[in-house]
Amino acid sequence: MSRIFEITERVSSYAPKANIDLINRAYVFAAHAHADQVRSSGEPYIIHPLAVAAILASLRMDEASIITGLLHDTVEDTDITLDDIKTNFGENVASLVDGVTKIGQIHFNSSEQKQAENFRKMILATAKDLRVLIVKLADRLHNMRTLGFMPEHKRRRIGEETLQIYAPLAHRLGIHWVKQEMEDLVFSHLEPSAYKSLLDEMHDRFDLLNQTRERLELLIQEALLRQGLQAKVHGRMKHLYSIHEKMQRKHVNFDDIFDLVAFRVIVENMSTCYQTLGIVHSLYRPVPGRFKDYIALPKPNGYQSLHTAVIGPENFRIEIQIRTQAMHGYAEDGVAAHWAYKEGKTAGEESFKWLRQLTELIQETDNPGEFLENVRLDLFIQEVYVFSRDGDIFPLPRGAKPLDFAYTVHTDIGHHCVGVRINGEVADFSSRLHNGDQIEIMTSPDQSPSRQWLQYVKTPRARQAIRHWLRRQERENSISIGEKILTEVIGRKDVGKGLVEQLGCVDLLELKSRLGDGEIDISALLEATKRSHFLPLMFKGTERSMMRAANCCHPVPGDPVLGRVIAGEGVILHHRKCPVLAEGGENSSLDVEWEAKAGELFRTGIEVHSRNVRGMLADVTRKIAETGSSIEDLKLTQRAGAVTELLFLVEVEGRQHLAQVMRTIKSVEGVTSVVRRNRVGLSDKPVGKPFSMALRNLFRRKATQENKGEL
């Protein structure tokens, strides 16, 4: 059991300027806050904060970290608030306590390795001050030391969480002994039989292994010195969990583990590495197939070293790694390549650089806390980590929005997303997600993606899913529209293979799709149907959208008309007496029966002659309006003899309506003549939409209305 004076004495030994009085005050504050609490072991709760502070002191942490260790459970487990911490110990300590409390609320509930890695990344990205992580690791280490007092189900949950999350975090931060102790403690609780068996094996051989280590260090050192080579030789014994894990991974027995004792030989330069290898092999017989040259052929993560295994004294097989100091630093710093190798992962060069600097701060500085105070973790700035309602964690690119999360969970959830709650609050699709957000997606079977959604997604998966859905819907709509076009044009939705082949399609479905999306112009369909003897065509009612009146003669319903198919424009309706028809020859026109809907208006020309009387134009235009017609264009010309010529482009429903308009105009006093003038020369503007576009737009509107239940 640690005591406060032992902790303060240790802090004073490496940080003489530390505020010991403040540390003592924190101890009294914590003892008072936890006065009525006991641990599962039955001991006073204050024992735990003291132990955490002692671990932090062994890591040579600064006074703020030691104080945080003493206070880290007060906000979560007592009536103490962050404001109380801030008032008594300052904003810095309050921020650290808050960070440790938040990390403590993250619970790992999956055994999947990928999920555990996401949790580790989230903790790193969330904890802005490294000291928060170090205090949390000290907290977890002491909890693991006293895990035996917990029920079986809690031991298993906490042990798995420690193995998957906190031990790797300790290794990332370069605190290897914490990682190893955590792993061995987990091993002893989760697999007690295997742990005891392996412990007995190691105990039986411990003295021999230790003697071998010391003797080999000396022998290798002396052999190198005789050849004039300066080197550092370090021997180590593997900890129990790493031996067990290797036995399981390689499916071997204890006697088959080569590196119970392993050595690292650090030399001056690369050429000396190979010289050292030769000397080692001259001392002991190498194990065939166990030599690896990672200097000439570095691992993908940049790791370099020579690996060999030899038969040492008493026939012990030992592993030796030979490298330069630079290679050793690269391999050993924090989350360096050695960690990446063991977990089967790699990391970027910038991560290694940051970790090298971090390890130097922790291991080489007299007071690392002074340097760590303003250090922030930016290892994973490209990602945010958010929770589902059930507590599962999902990594997303920074800048991701709710729809990205919805599509990451499942494509169908994305397609049917109607709303989102972020941390319990309703939010819109444009909201940015942040680390630690809890996301709840609301869905409806009636919801479907829109093209506007593409503005609210960042992930390729969401964007691809939305576009795929839109393409599929567009194809279905195109087929539906194409079917309606066939029905309108030739009076049936199915046609023979001959017509399909004429239009360059493999089957009827392709024909409908290409008609619907405009790849096959309807004028081409009309030409093909004419050749296939489906004409004359009968355009009635809403089929008006498939054609337009010609600008040259301005026909209206009731006029005798012929249709001309103009590529890219559709069926252009001309009066039978229009001289333009004669230009194309007798085979250029189609017989068309043209009926319009009630209330639909068409343009035509009227020529009016009147006496030059004041107010005449106003009287004529008023009469036109009284008939329900409208004036689209007007041209006024003064003729000889005080005569005014008025050319009107008016809109009428048909021939009968036109006759009514002309009679009404003729009734105006001063009007001398009223005649229809088809070639009015007033406007060159196209009348109506281009044929193919108009028809497709009509059917698209109808298809949309049908889908919405409006038709």
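The structure displayed is predicted, hence computed values, not measured ones.

Observations concerning the overall build of the protein chain
For step 1, the next point in the chain: What the protein chain contains, in helices and strands, is 28 helices and 20 strands.
For step 2, the next point in the chain: Out of the 711 residues belonging to the protein chain, those deemed buried represent 50%.
For step 3, the next point in the chain: Here the contacts in the protein chain between residues at least 6 apart in sequence split such that 67% fall between residues at least 24 apart.

Thoughts on the pairing of strand β17 (residues 602-611)
For step 1, the next point in the chain: Counting buried positions along β17 yields 8 of 10 residues, so the element is predominantly enclosed.
For step 2, the next point in the chain: The pairing of β17 with strand β19 (residues 643-652) spans 10 bridges and is classified as antiparallel. Note on β19: the bridge partner recorded for I606 is F648.

Description of the sheet that holds strand β20 (residues 671-676)
Two strands in a sheet stick together by hydrogen bonds in their backbones, pointing the same way (parallel) or opposite ways (antiparallel).
For step 1, the next point in the chain: One open sheet holds the 4 strands; their spatial order is β18-β19-β17-β20, and the pairing between them is antiparallel. Strand pairing shows two members of the sheet lacking a second neighbour, β18 (630-639) and β20, which therefore form its edges. Each neighbouring strand pair of the sheet contributes to a mean axis angle of 20°, computed without reference to strand direction.
For step 2, the next point in the chain: Bridge analysis of β17 against β20 gives 5 bridges, and the strand direction is antiparallel. Within β20, the position partnered with S610 by the bridge is V671.
For step 3, the next point in the chain: In the packing of helix α26 (residues 616-626) onto the sheet, the strands contacted are β17, β18, β19 and β20, and the crossing angle to β19 comes to about 20°.
For step 4, the next point in the chain: Along the sheet face, helix α27 (residues 655-666) touches β17, β19 and β20 and points at about 165° away from the line of β20.

Focus on the packing of helix α3 (residues 47-58) against helix α9 (residues 130-145)
For step 1, the next point in the chain: Close contact between α3 and α9 brings their axes to 9 Å; oriented N to C, the two are set at 125°. Taken together, the axes of α3 and α9 lie oblique to each other. For the pair α3 and α9, the crossing hand works out as right-handed. In this structure, α3 contributes I47, H48, A51, V52, I55 and L56 to the contact, and α9 contributes I134, V135, A138, D139, L141, H142, N143 and R145.
For step 2, the next point in the chain: A class-by-class count of the residues in the contact of α3 with α9 yields 9 nonpolar, 3 polar and 2 charged.

A closer look at the pairing of β19
For step 1, the next point in the chain: Burial of β19 is extensive: 9 of the 10 residues sit out of reach of the surface.
For step 2, the next point in the chain: Where β18 and β19 come together, 9 bridges link them in antiparallel fashion. Its bridge partner being in β19, I631 is matched across the sheet by V650.
For step 3, the next point in the chain: Linking β18 to β19, which pair antiparallel, is a turn of 3 residues; within it G641 sits at a positive phi near 80°.

Some thoughts on the packing of aromatic side chains
For step 1, the next point in the chain: One pass over the full model with this rule turns up 5 aromatic pairs.
For step 2, the next point in the chain: Taking 6.1 Å as the distance between ring centres and 70° as the angle between the ring planes, the aromatic pair formed by F187 and Y241 counts as edge-to-face. You can see F187 sitting in helix α11 (residues 176-190) and its partner Y241 sitting in helix α13 (residues 240-250), a full 54 residues away along the chain.
For step 3, the next point in the chain: Overall, the relative accessible area of 16% leaves Y241 in the buried class.
For step 4, the next point in the chain: Here the aromatic rings of F429 and W453 are separated by 5.8 Å at their centres, their planes lie at 85°, and the arrangement is edge-to-face. Placement of the pair is F429 in the loop between β10 (425-427) and β11 (438-443) and W453 in the loop between β11 and α21 (460-490), with a sequence separation of 24 residues. The same class applies to F429 and to W453, which are both buried.
For step 5, the next point in the chain: Taken together, the ring pairs connect F187, Y195 and Y241 into an aromatic cluster.

A few points about the environment of D559
For step 1, the next point in the chain: Within the fold, D559 resides in the loop between β13 (547-549) and β14 (561-566).
For step 2, the next point in the chain: Taking the C-alpha atoms as reference, D559 lies 6.8 Å from R655; in sequence the two are 96 residues apart.
For step 3, the next point in the chain: Contacts of D559, omitting those with residues within four sequence positions, involve H575, R655 and R676.

Some thoughts on the pattern of salt bridges
For step 1, the next point in the chain: According to the stated counting rule, one finds 25 salt bridges in the structure shown.
For step 2, the next point in the chain: When the shortest N-O distance is used, the salt bridge between R213 and E214 registers 3.6 Å.
For step 3, the next point in the chain: Residue R639 is joined to E645 by a salt bridge in which the shortest nitrogen-to-oxygen separation is 2.8 Å.
For step 4, the next point in the chain: Within the structure, one salt-bridge network assembled from shared partners comprises E152, R155 and R156.

Thoughts on the side chain of R213
For step 1, the next point in the chain: Looking at the secondary structure, you find R213 in helix α12 (residues 192-226).
For step 2, the next point in the chain: Once you skip the residues sitting within four places of it in the chain, R213 turns out to touch G235, R236, V261 and F263.

Conventions used here
Residues numbered from 1 in each chain as written. Predicted model: local features only at pLDDT ≥ 70, side-chain atom pairs only at ≥ 80, totals over all residues. Heavy atoms only, no water. Helix = DSSP H or I, 4+ residues; strand = E, 2+ residues; numbered from the N terminus. Buried < 20%, exposed > 50% of the residue type's maximum accessible area, 1.4 Å probe, protein only. Contact = heavy atoms within 4.5 Å. Pairing = 2+ DSSP bridges. Axes fitted to C-alpha atoms, helices over the stretch in contact; angles between N-to-C directions. Parallel < 35°, antiparallel > 145°, perpendicular 65-115°, else oblique. Left-handed = near helix turned anticlockwise from the far one by under 90°. Nonpolar A, V, L, I, M, F, W, Y, C, P; charged D, E, K, R; others polar. Phe/Tyr/Trp six-rings, centres within 6.5 Å; stacked < 30°, edge-to-face > 60°. Salt bridge = Lys/Arg side-chain N within 4 Å of Asp/Glu carboxyl O.

Function cannot be inferred from these measures alone, as they are strictly geometric.
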